[in-house]
Amino acid sequence: MQKITEMKSEDLFKFVENFINVKIVKSGGIVKISYFELKIKMNMDEEDIDRFLKCSKIILEDQNYNVYLSGEEFEYEGKKNKVENNEFLVAIKSA
């Protein structure tokens, strides 16, 4: 895979949008992006991860998701939760 930091913005957004759309189809109302997916499976470095997450946040917010990043707290199905250490991002569909 080409490094995220070497991709043109348009190509990056297409790549991230495809990744997110697959996640939405599989998970419905909640999307999680994990350390394992980005760091291990896709072999991204910190700069790649940062750029990928920024694009993810923009795309998800445009689709009416509330986006939470590592360490942030959120409420889901009436329970308080926190984005876990092994997760980079959690997005929940707005009602």
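Residues numbered from 1 in each chain as written. Predicted model: local features only at pLDDT ≥ 70, side-chain atom pairs only at ≥ 80, totals over all residues. Heavy atoms only, no water.

Engineer: Sorry if this is basic, but what is going on with the overall build of the chain here?
Structural biologist: Counting secondary structure elements, the chain contains three helices and five strands. Secondary structure elements of the chain occur, N-terminal to C-terminal, as α-β-α-α-β-β-β-β. Against the globule reference of 12 Å for 95 residues, the chain gives a C-alpha radius of gyration of 13 Å, in line with a compact fold. Taking the principal axes of its C-alpha atoms as reference, the chain extends roughly 40 × 25 × 20 Å. Taking all 95 residues of the chain together, 37% fall into the buried category. When contacts within the chain are restricted to residue pairs at least 6 apart in sequence, those whose partners lie at least 24 apart make up 60%. Carbon and sulfur atoms make up 48% of the accessible area of the chain, which totals about 6100 Å². Seen as two clouds, the 15 positive and the 18 negative side-chain charges of the chain have centres 3 Å apart. (Helix = DSSP H or I, 4+ residues; strand = E, 2+ residues; numbered from the N terminus. Rg over C-alpha atoms; globule rule 2.2 N^0.38 Å. Buried < 20%, exposed > 50% of the residue type's maximum accessible area, 1.4 Å probe, protein only. Contact = heavy atoms within 4.5 Å. Areas by Shrake-Rupley, 256 points an atom, 1.4 Å probe, with all protein chains shown as cover. Lys, Arg positive; Asp, Glu negative; His and termini not counted. Charge placed at Lys NZ, Arg CZ, Asp CG, Glu CD.)

Engineer: Mind showing me how you'd approach the side chain of K23 here?
Structural biologist: Relative to the elements of secondary structure, K23 occurs in helix 1 (residues 9-27). Excluding residues that lie within four positions of it along the chain, K23 makes contacts with G28, V31, K32, I33 and E37.

Engineer: Got a minute to help me understand unusual backbone geometry in this structure?
Structural biologist: It is generally the case that most residues other than glycine have a negative phi and that most peptide bonds are trans. You will see that N43, though not glycine, has its phi angle at about 55 degrees, which is positive. One can find N43 in the loop between helix 2 (35-41) and helix 3 (46-62). Under the relative-accessibility criterion, N43 is labelled exposed at 65%.

Engineer: Would you mind showing me how to read helix 1 here?
Structural biologist: In an α-helix, one turn spans 3.6 residues, which is why side chains three or four residues apart end up on the same side. Between its first and last C-alpha atoms helix 1 spans 26 Å; for 19 residues at 1.5 Å apiece the expected length is 27 Å, and the two agree. For helix 1, the set of buried residues is L12, V16, F19, I20, K23 and I24. The buried residues of helix 1 occupy one face: seen down the axis, they fall within an arc of 140 degrees. Within helix 1, the exposed residues directed more than 90 degrees away from the buried face are E10, N18 and V25. Packing partners of the buried residues in helix 1 comprise strand 1 (30-34), helix 2, helix 3 and strand 2 (65-69). (Expected span 1.5 Å × (residues − 1). Arc of directions from axis to C-beta.)

Engineer: Even after reading the chapter, I still don't get the side chain of S56, so can you show me in this structure?
Structural biologist: With respect to the element layout, S56 can be found in helix 3. A distance of 2.8 Å separates the side chain of S56 from the backbone oxygen of F52, its partner in a polar contact. When sequence neighbours within four positions are dropped, the list of residues in contact with S56 reads V16, I20, I33 and L89. (Polar contact = N/O pair within 3.5 Å; in protein donor to acceptor, adjacent residues only side chain to side chain.)

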